[in-house]
Amino acid sequence: MSPSKVVAQISRIHEGAHRLILRELEVRGVEGVVPSHGDILHHLFVEDRLPMTELAGRIGRTKATVTALVDKLESRGFVARERDGGDGRVCRVRLTERGQALRPAFEEVSEALNRRLLDGFREEEVRALEGMLDRLRANLREE
């Protein structure tokens, strides 16, 4: 496969996953959340409160992009910002009750996506694929 085909396939996979996620969210009655919010929600489900800069680093996005995503989640009542008690310059993001209530649907959608994507793959194939994707991503990291 040529490099341009690899990039085209990755793009198609991304688009297909995006459509599947939106359908699965709709089936579960989840409104106001889009696939680009997934990384933020995932990290907040794992850790209760995170500084904006740390959140940006964990998901590999710029602080400006994370700010825009958090703005949307906050306007829809899923997250809240709060100043760090020890350092007023630090803004932490946390899930609200409404955000916490997304966890079951989030987990179901993630499972549905993984089932669909990995259908027919053996465990060793999945591990090999993960390794190749990690290498592709590493090749694109800025120095």
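Everything here concerns the structure above.
Source: prediction; values computed, not measured. (Residues numbered from 1 in each chain as written. Predicted model: local features only at pLDDT ≥ 70, side-chain atom pairs only at ≥ 80, totals over all residues. Heavy atoms only, no water.)

J.: Got a minute to help me understand the packing of aromatic side chains in this structure?
T.: Throughout the structure, instances matching the rule amount to 1 aromatic pair. Ring centres of F45 and F106 lie 5.1 Å apart, and the angle between their planes is 65 degrees; this geometry places the pair in the edge-to-face category. Remark: F106 occurs in helix α6 (residues 103-117) and F45 occurs in helix α2 (residues 38-46); sequence separation between them is 61 residues. Exposure class is identical for F45 and F106. Each is buried. (Phe/Tyr/Trp six-rings, centres within 6.5 Å; stacked < 30°, edge-to-face > 60°. Helix = DSSP H or I, 4+ residues; strand = E, 2+ residues; numbered from the N terminus. Buried < 20%, exposed > 50% of the residue type's maximum accessible area, 1.4 Å probe, protein only.)

J.: Looking at this structure, I do not really get the pattern of salt bridges. What am I missing?
T.: In the structure shown here, the tally under the stated rule is 12 salt bridges. Close ionic contact of R58 with E54 constitutes a salt bridge, the shortest N to O distance being 2.5 Å. In this pair, R58 and E54 both sit in helix α3 (residues 52-59), 4 residues apart, roughly one turn of the helix. Note that D71 and R81 form a salt bridge whose closest N and O atoms lie 2.5 Å from each other. With D71 in helix α4 (residues 63-75) and R81 in strand β2 (residues 79-83), the pair connects residues that are 10 residues apart, well separated along the chain. Looking at D71, the relative accessible area reads 36%, which means it is partly exposed. (Salt bridge = Lys/Arg side-chain N within 4 Å of Asp/Glu carboxyl O.)

J.: Hey, could you run me through the nonpolar core in this one?
T.: Considering soluble globular proteins, one finds that nonpolar side chains tend to be buried as a cluster. Within the largest apolar cluster, 29 residues are counted, with the highest numbers of intra-cluster contacts made by I40, L41, V66, V70 and V79. Of all the secondary-structure elements, those providing two or more residues to this core are α1 (3-27), α2, α3, α4, β3 (91-95) and α6. Those residues within four positions of V66 in sequence are excluded, and the remaining contacts are I40, M52, L55, A56, I59 and R61. (Core = buried A, V, L, I, M, F, W, Y, C linked by side-chain atoms within 4.5 Å. Contact = heavy atoms within 4.5 Å.)

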